[in-house]
Amino acid sequence: PRVLPARRPPGGAVREDRAARAEPAALSRVPDLAARDRALRRGVALALLASPGLASALEPVVVTATRVPVEALDYAGSATRLDAEEIASLGAAHSSELLNRAPGSFLQRGSGQEVLVAIRSPVLTGAGACGAFLVLEDGVPIRPVGFCNVNQLFEVNLEQATAVEVLRGPGIGVLGANAVHGVVNVLSVAPDAVPPLGVSLETGSDAWRRAALSGRVGDERTRAALAALYTHDGGFRADSGFDEWKANATLEHALDGANLRVQAAFTDLDQETAGFVVGRDAYRDPVQRRSNPNPEAFRDAQSARLQARYDAGDLHATAYARSSEMEFLQHFLLGQPLERNSQDSGGLMFAWQGARDALRWRAGVDLEAARGALLQDQAGPTTGGSPAANAIRPQGLQYDYTVDSRVVAPWALVEWSVAPDWTATAALRADWVRYDYDNRMIAGNTAANGTPCPFGGCLYSRPEDRRDEFADLAPRLGVSWRVADSHAAYASAARGFRPPEATELYRLQRQQRVADLD
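Residues numbered from 1 in each chain as written. Predicted model: local features only at pLDDT ≥ 70, side-chain atom pairs only at ≥ 80, totals over all residues. Heavy atoms only, no water.

Visitor: Describe the overall build of the chain, with residues and values.
Guide: Along its length, the chain carries seven helices and 24 strands. For the chain, buried positions account for 45% of its 518 residues. The contacts in the chain between residues at least 6 apart in sequence include a share of 63% that link residues at least 24 apart. Within the structure as shown, the chain displays about 24800 Å² of accessible surface, and the carbon and sulfur contribution to it stands at 58%. (Helix = DSSP H or I, 4+ residues; strand = E, 2+ residues; numbered from the N terminus. Buried < 20%, exposed > 50% of the residue type's maximum accessible area, 1.4 Å probe, protein only. Contact = heavy atoms within 4.5 Å. Areas by Shrake-Rupley, 256 points an atom, 1.4 Å probe, with all protein chains shown as cover.)

If you want it as structure tokens, here you go:
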């Protein structure tokens, strides 16, 4: 008999398969009656899954990042859903261990919880790298437009998620800015996905410790759930450990003909960062590979999010508020300046849906307002480079600015059942983004006190106060064919885009005065 890989029990799968295939006489030799009963149940479960007649009875995979849950076979695109069972059985210590299970994903782990993402793309780096991927939590972006972070996946509780969806390829029509190469949607704790009370403890090498708590309470009308996690990692390299807290809470309340869902999320990361070990075959040296050339490096980051979703028939409305801040030493730069950044934002998302004959439609509008701030300061004079490189990196304040952003984005999607097994989809979203930049120190590429630098000016350049606006369209066309109950074929054409990130526009270098980006 064949066993479906996605449904094999985690851990000891080979041993359990052998027990399931054993003869009754072999099972009777199990001395413990409880163990014998467990072995019999395993045998029954595997036999049921192996039955070809029950293959179509498996629960269909559902994708929710499309704003309204749809079966994956009805989505004219490439999507993977990692469910709670797979997440729990994996016990990932880093986001790359989980998301790399999705085809087309290739996340590169950095020091601690840092990561570089690739989804049907190169492994992108730099200021705009994070803007090529849209990260959602329960359908809401975890950061405002223009203020992403390349390591932003440590701001979501992947370890205790109900499910994680990975959509590959450019935007899906109803999602706009930053859905260029792919979308990651993390479904947080749900009352029907956690036990009444669950506790787990882990320990491992290099002072690895993890404690997790989850539980639910309530009745048919009002239910609540909580999932919390604490992780301590001593790090296998010197001064490279981290402490991390994550918590998610959900409250669901059934109203007359409607439903209200309130969700809260919190994360806190205190990380000692390890720098690059350099030299030919340095990783082969048992002493050098465990060393840390930058014991002074660190990253402290906190995030908090709150959202409330109201569903009443064909109307869906979501209000949200977010706040995040981070402080880290840029040990990878000459002079090692300290960066502090923060983002506070809120928004509203409205959606309506309807159907008539063979047509189904959804339409809505997203509204968002945010304020981001960035400060970069260098404590001491620059050393370690050439005289010219040191001279253009003066000590003191280098950047200090705020950016207020506004986003208005209407969208619409139409599905047409052309034939019983054929569906055509058309979607269009228009995004308008405005940035109001306020430089809180002297403009130009001088030192903080206005002193010019030799060799053509200081490295860091600050533009004058300005306003920038961007507008773009994300269209999508698709057609899908249900070949059978468990198979589908599709074709799609889509366009994704991202507006420039604030750091690309206002944290300039050398001779730049204005970043002419579209």
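Visitor: Run through the state of the cysteines, naming residues and quoting values.
Guide: What is meant by a disulfide is a covalent connection between two cysteines, made through their sulfur atoms. As enumerated under the stated definition, the model contains two disulfides in all. Note that Cys130 is cross-linked by a disulfide to Cys148, the S-S spacing being 1.9 Å. Residues Cys130 and Cys148 are joined through a disulfide that is right-handed, its torsion about the S-S bond being 60 degrees. Linking Cys130 in the loop between strand 5 (115–116) and strand 6 (133–137) with Cys148 in the loop between strand 7 (140–141) and strand 8 (163–168), this pair joins segments that are 18 residues apart in sequence. By the burial criterion, Cys130 is buried, and Cys148 matches it. (Disulfide = S-S within 2.5 Å.)

Visitor: Outline the sheet that holds strand 3 (residues 78–83), supporting the account with residue identities and numerical values.
Guide: Here five strands make up an open sheet; going across it, the order is 3-8-9-6-7 and the pairing mixed. Where the open sheet ends on each side, the last strands, each with one partner, are strand 3 and strand 7. With six bridges joining them, strand 8 and strand 9 (residues 182–187) adopt antiparallel strand pairing. Bridge pairing in strand 9 links Val166 to Val184. (Pairing = 2+ DSSP bridges.)

Visitor: Tell me about the nonpolar core, and name the residues and values.
Guide: Within the largest apolar cluster, 23 residues are counted, with the highest numbers of intra-cluster contacts made by Val145, Tyr401, Val403, Tyr435, Leu505 and Tyr506. Secondary structure elements with two or more residues in this core: strand 18 (359–378), strand 19 (396–419), strand 20 (422–439), strand 22 (466–484) and helix 7 (502–506). Membership of the second largest hydrophobic core comes to 22 residues, among which are Ile87, Ile119, Ile142 and Val166. (Core = buried A, V, L, I, M, F, W, Y, C linked by side-chain atoms within 4.5 Å.)

Visitor: Please give an account of the side chain of Asn294 that cites residues and values.
Guide: Looking at the secondary structure, you find Asn294 in the loop between strand 14 (258–272) and strand 15 (298–312). For Asn294, a relative accessible area of 13% puts it in the buried group. With sequence-adjacent residues up to four places away left out, Asn294 is seen in contact with Thr273, Gly275, Phe276, His331 and Gln336.

Visitor: How would you explain the pairing of strand 23 (residues 487–494) if you had to name every residue and give the values?
Guide: Looking at chain direction, strand 22 and strand 23 are connected through eight bridges and run antiparallel. Along strand 23, the bridge assignment pairs Val479 with Ala491. Counted along the chain from strand 22 to the antiparallel partner strand 23, the turn is two residues long.

Visitor: Pulling in residues and values, what's your account of the pattern of salt bridges?
Guide: Inspection of the entire model under this criterion finds 29 salt bridges. Salt-bridge contacts for Glu159 lead to Lys246; the nearest nitrogen and oxygen are separated by 3.0 Å. Taken together, the positions of Glu159 in the loop between strand 7 and strand 8 and Lys246 in strand 13 (residues 242–255) put the pair 87 residues apart, joining distant regions of the chain. By relative accessible area, Lys246 is classed as buried at 4%. Across the pair Arg371 and Asp404 runs a salt bridge, and its minimum N-O distance is 2.6 Å. Of this pair, Arg371 sits in strand 18 while Asp404 sits in strand 19, placing them 33 residues apart in sequence. Exposure remark for Arg371: the relative accessible area of 45% places this residue in the partly exposed category. Look at Asp404 and you get buried, because its relative accessible area is 17%. (Salt bridge = Lys/Arg side-chain N within 4 Å of Asp/Glu carboxyl O.)

Visitor: Provide a residue-level description of unusual backbone geometry, including the pertinent values.
Guide: For residues other than glycine, phi is negative in most cases, and the peptide bonds are mostly trans. Of note, the phi angle at Asn178 is positive, near 80 degrees, even though the residue is not glycine. Within the element layout of this structure, Asn178 appears in the loop between strand 8 and strand 9. According to the relative accessible area criterion, Asn178 is buried, its value standing at 7%. Not every positive phi belongs to a glycine, and Asp281 is a case in point at roughly 55 degrees. Within the secondary structure layout, Asp281 lies in the loop between strand 14 and strand 15.

Visitor: Can you explain the environment of Arg467? Please cite residues and give values.
Guide: In this structure, Arg467 sits in strand 22. Owing to a relative accessible area of 51%, Arg467 belongs among the exposed residues under this scheme. Between the C-alpha atom of Arg467 and that of Asp436, which follows or precedes it by 31 residues, the distance is 4.7 Å. The contacts of Arg467, once residues within four sequence positions are left out, are Arg434, Tyr435 and Asp436. One polar contact links Arg467 to Asp436, side chain to side chain, over a distance of 2.6 Å. (Polar contact = N/O pair within 3.5 Å; in protein donor to acceptor, adjacent residues only side chain to side chain.)

Visitor: Outline the packing of aromatic side chains, supporting the account with residue identities and numerical values.
Guide: One pass over the structure, following the stated rule, counts eight aromatic pairs. Relative to Trp352, the ring of Phe350 lies with its centre 6.3 Å away and its plane at 20 degrees, an arrangement referred to as stacked. Overall, the relative accessible area of 27% leaves Phe350 in the partly exposed class. Judged by relative accessible area, Trp352 falls into the partly exposed class, the value being 37%. Centroid distance Tyr401 to Tyr506: 6.3 Å. Interplanar angle 70 degrees. Geometry classified as edge-to-face. Of this pair, Tyr401 sits in strand 19 while Tyr506 sits in helix 7, placing them 105 residues apart in sequence. The exposure classification of Tyr401 matches that of Tyr506, with both residues buried. Taken together, the ring pairs in this structure connect Tyr401, Tyr437 and Tyr506 into an aromatic cluster. Lying across the ring of Phe328, Arg299 places its NZ or CZ 4.6 Å from the centre. (Phe/Tyr/Trp six-rings, centres within 6.5 Å; stacked < 30°, edge-to-face > 60°. Lys NZ or Arg CZ within 6 Å of the ring centre and 35° of its normal.)

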